[in-house]
Amino acid sequence: MARNWQTIKEYSDILFQYWNGIAKITINRPEVYNAFRPETNFQMIEAMEYSREHPEIDVIILTGAGDKAFCSGGDQNVKGVGGYVGEDGVPRLNVLELHKKIREIPKPVIAMVNGYAIGGGHVLHVVCDLTIASENAKFGQTGPKVGSFDGGFGSSYLARSIGQKKTREIWFLCQQYSAQEAMEMGMVNKVVSLEQLEDATIEWCEIMQQRSPMALRMIKRCLNAELDGQHGLMQLAGDATLMYYLMDEAQEGKKAFLEKRKPDFKKFPKFL
Ligand code: S0N
């Protein structure tokens, strides 16, 4: 089905579009199989921040332009000493900031993998909440072959998803795996034909749009907290505070202060 995606903002390296409560971020560098450079990551980070701040956006899709690649990782043309070198000449690894945004955004993020998800591109789909892949998709890490590694989500979270042995195999051997193999391992949720990829992804978005946003937010936070240490607990605690603020009991404290009286917390029910 053709959808009338509206451009939210024009960027050099990504497309950022909206349709029916769904934001779609497309890495738009097909000439390098959607490899990212620092500018690409800055733009995706901004798009994630926009998606977080705008209540009309319920779900975010991350994908790549064309039918060859989702993302082939860091752009080897701009890999310098100390990181990937942007137009300002500064070497960076700012894809890590993007990983944090994907983890923190209190809305589901789906990787719509339409081809190679390799190297840092593989890490990107791993970090997303869900992955739907086309039959032609290929998955794998290349770090130890090209001189990099991701000891963060790309390995630790992957190991939580598919186990230590398989994660070590993926990283140590740097081989490629089919979409079907990736699904059997547990790192892909669903495999469909390339023609059906967007429809299948939208179908899952629409199902999640019918679910309770607060429940989705809390389950994402709880699942993250186990792995994200103090930072994960802070995010979960922030949402616990948000929910407390919604209670009359919390309002009483503020009201009493403004009315210059003692708060009466006794009148509220106890949940035992
Ligand atoms: C994707 C591959 C397997 C496709 O092979 P195929 O089909 O043979 O096509 P090619 O002819 O190789 O590629 C087509 C064109 O695209 C260019 N290209 C492909 N990938 C890149 C890339 N990553 N950078 C720049 N250009 C790329 C090709 O050059 C070719 O162009 P033309 O037609 O002009 O010759 C195959 O292409 C492949 O293996 N690609 C490289 C994959 C790779 O090694 N990526 C980098 C891996 N490392 C990272 O991503 C680093 C990330 C990182 O540093 C990091 C650090 C800390 C924490 C996290 C991370 C993180 O991983 O995120």
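A few points on the structure.

Scoring rules and cut-offs
- Residues numbered from 1 in each chain as written.
- Predicted model: local features only at pLDDT ≥ 70, side-chain atom pairs only at ≥ 80, totals over all residues.
- Heavy atoms only, no water.
- Pairing = 2+ DSSP bridges.
- Helix = DSSP H or I, 4+ residues; strand = E, 2+ residues; numbered from the N terminus.
- Near = heavy atom within 4 Å.
- Polar contact = N/O pair within 3.5 Å; in protein donor to acceptor, adjacent residues only side chain to side chain.
- Areas by Shrake-Rupley, 256 points an atom, 1.4 Å probe, with all protein chains shown as cover.
- 1 Å grid on protein atoms, 1.4 Å probe; cavity = no way out; pocket = protein on both sides within 12 Å on 5 of 7 lines; lining within 4 Å.
- Sits in = over half its atoms within 2 Å of the grid points.
- Nonpolar A, V, L, I, M, F, W, Y, C, P; charged D, E, K, R; others polar.

## Side note on the sheet that holds strand β6 (residues 79-80)
Then, number 1: Taken in spatial order, the three strands of this open sheet run β6-β7-β8, and their pairing is antiparallel. The open sheet has two free edges, formed respectively by β6 and β8 (91-92), since each of these has just one partner strand.
Then, number 2: Two strands pair when backbone bridges link them, and strand β7 (residues 83-85) and β8 are joined in this way by two bridges, in the antiparallel orientation. Bridged to Val85 within β8 is Pro91.

## Some thoughts on the site of the ligand
Then, number 1: If you check the shell around the ligand, you find 26 residues, and the closest are Ser72, Gly74, Gln76, Gly120 and Thr142.
Then, number 2: Note that a nitrogen atom of the ligand is positioned 2.8 Å from one of the backbone N or O atoms of Ser72.
Then, number 3: Here Tyr116 contributes a side-chain N or O atom positioned 3.5 Å from an oxygen atom of the ligand.
Then, number 4: Contact with the protein chains hides 67% of the accessible area of the ligand, taken as 1,100 Å² for the molecule alone.
Then, number 5: A majority-of-atoms criterion places the ligand in the largest pocket.
Then, number 6: Listed by contribution, the elements that provide at least two residues to the shell around the ligand are α2 (95-104), β10 (116-118) and α3 (120-127).
Then, number 7: Examining the composition of the shell around the ligand, we find that three residues originate from one element, α2, more than from any other.
Then, number 8: By residue class, the composition of the shell around the ligand is twelve nonpolar, eleven polar and three charged.

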